[in-house]
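Structure at a glance
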Amino acid sequence: MIDVILKKGKEKAALQHHPWMFSGAIDRIKGTPGNGEVVAVRAADKAFLAYGYYNAQSRVAVRLLEWDESKVIDKAWYQEKLQTAIAARQHVLHSGETNTCRLVFSEADFLPGLIVDKYGDFLSLQLLSAGMENIKADIIDILREELQPLGIFDKSDANARTHENLEAAQGLLWGEMPPEFIEVKENNILYHINIAEGQKSGFYCDQRDNRRILAAYAPGKTVLDCFSYSGGFSLNSLSLGAAHVTSVDSSALALQTLQHNVVLNGFDATKQESIQSDVNKQLRAFKEEGRKFDIIILDPPKYAPSRSALDRAARAYKDLNRMGMLLLESGGLLATFSCSGAVDIDTFKQIIAWAALDAGKEVQILKQFNQPEDHPIRISFPEGEYLKGLLVRVL
Ligand code: SAH
């Protein structure tokens, strides 16, 4: 195996089991590893640190996999890691109320660059590192053996592929082609999911718990679900008896799917309206109309893709939340989220405080929202924490 030797003093992150080794930390490489090849990372004094995937094209030159030198990174190793990850999700799936979740969450499950989402009997894979791309065939074999899916679909179209110098990839990897719409269940609510055309890998299963928490406040209330996608928050609110739900999204496909999902669940379609629009524009329009709501959900896409974008993102979050606060009935509830890893919960609270000040409102935090257990946060990889939110009462 090829040795990658670090510069003196650059071993600290690896010793702390952080899974990324940046190219700047490397002193020399004894040989010419191929992209995605497993290498041994050693400190300047040659002490073994970890095995990892090498990639000359990536800023993260080595993605660390295993810190025990006696282990062999073979098919059995992957099988063990996958079995552990899958077993950890049984708590999400066992009640039978949910048959869609994230089975493998990359670094957080010690499989850097591999994401596996379950959609009923189908699996959707994202292979986001050259190392994972190289052992794709083994991963498919193991997933077939462990889960007996009907089909495995490749949805490796994320930007992350470009950092690893990989082309976007999409298509059937094994088995049956999923139908255009797969029917899945989450919190006992049915959804149609279009894996091929949907966003991310088809569904935002990271909001499962938060949808349920929020819905408990919805009985008899008017709800505005901004950035609704296929209706996660809208449908949960309707299921618990919201008086009326307005869903806003810029994507026609998302709203078509949402309409489908309202009917699929047998909800009263007269209690729901969909508006295809830019949320910021729509909130201003509601303000001009003088329209108000009891509950507003703000679940925007990632505004801060990196730390450098933080200032601009903070202003965008502030403006969005200020508008949301102005459209609430007094004592109304705002459920506000950020899926930007660069915005931590303290920063997010500051942004909400700033929005409240600008809106001339008092705000009480009732609850803090997190990412669910199928998106675990590995303590040695804090970058894996990305989804946070607040439920606030606006007075
Ligand atoms: N709340 C959703 C997930 C939201 S994902 C759920 O529970 O499933 C973000 C959504 O925002 C996407 O559906 C995307 O189409 C939409 N979007 C992005 N920018 C937008 C904008 N400026 N105005 C309205 N919708 C937008």
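Above this text is the structure in question.
Thresholds applied
Counting from 1, residues in each chain are numbered in the order their sequence is written. Thresholds applied to this predicted model are a pLDDT of at least 70 for local features of residues and 80 or more for the giving and counting of side-chain atom pairs; totals over whole chains, interfaces and linings are not thresholded and use all residues. Remark: hydrogens and water are excluded; side-chain values derive from all non-hydrogen atoms of the structure. Neighbouring residues are identified by heavy atoms, a residue being near a molecule or strand if any of them is within 4 Å of it. Between N or O atoms, a polar contact is any pair within 3.5 Å; within protein, one atom must be a potential hydrogen donor and the other a potential acceptor, and residues adjacent in sequence are included only when both atoms are from side chains. Any residue that is not Ala, Val, Leu, Ile, Met, Phe, Trp, Tyr, Cys, Pro, Asp, Glu, Lys or Arg is counted as polar, Gly included; the first ten are nonpolar and the last four charged. What counts as an axis is a line fitted to C-alpha atoms, over the stretch in contact for a helix, and the angles between N-to-C directions run from 0 to 180 degrees. Put simply, DSSP H or I for four residues or longer makes a helix, DSSP E for two residues or longer makes a strand, and each gets a number counted from the N terminus. Here roughly perpendicular refers to angles of 65 to 115 degrees, roughly parallel to angles under 35, roughly antiparallel to angles over 145, and oblique to all remaining angles. The hand of a helix crossing depends on one turn: near helix anticlockwise from the far one by less than a right angle means left-handed, and clockwise means right-handed. Should any heavy atoms of two residues lie within 4.5 Å, those residues are counted as being in contact. Pairing between strands requires that DSSP locate at least two bridges from one strand to the other.

**Some thoughts on the site of the ligand**
Lining the immediate environment of the ligand, one finds 16 residues, of which R211, F227, D249, D278 and D299 sit closest. Measuring from an oxygen atom of the ligand, one finds a side-chain N or O atom of D249 at 2.6 Å. The residue makeup of the shell around the ligand, split by class, is six nonpolar, six polar and four charged.

**A look at the packing of helix α11 (residues 310–326) against helix α12 (residues 345–359)**
Running from N to C, α11 and α12 cross one another at 50°; their axes reach a closest spacing of 8 Å. The angle between the axes of α11 and α12 places the two elements in the oblique class. The hand of the α11/α12 crossing is right-handed. Within the contact between the two elements, α11 uses A314, R315, Y317, K318, N321, R322, M325 and L326 and α12 uses F348, I351, I352, W354, A355, A356, D358 and A359. Broken down by class, the residue content of the contact of α11 with α12 amounts to 11 nonpolar, one polar and four charged.

**Overview of the side chain of T98**
For T98, the position within the fold is in the loop between α3 (90–93) and β7 (100–105). A polar contact of 3.1 Å, which involves the side chain of T98, links it to the backbone nitrogen of N187. Residues within four places of T98 in sequence aside, it is in contact with V92, L93, K185, E186, N187 and R208.

**Some words on the sheet that holds strand β18 (residues 328–338)**
The pairing of strands in a sheet comes from backbone hydrogen bonds and takes either a parallel or an antiparallel form. Pairing within the open sheet is mixed, and its seven strands lie in the order β16-β15-β14-β17-β18-β20-β19. Two strands close off the open sheet at either side, each with one partner strand: β16 (272–276) and β19 (363–370). Adjacent strand axes in the sheet meet at a mean angle of 15° when their direction is disregarded. One ladder, built from five bridges, connects strand β15 (residues 244–249) with β16; its direction is parallel. Looking at the pairing, T246 lines up with E273 of β16. Along the sheet face, α12 touches β18, β19 and β20 (388–394) and points at about 30° away from the line of β20.

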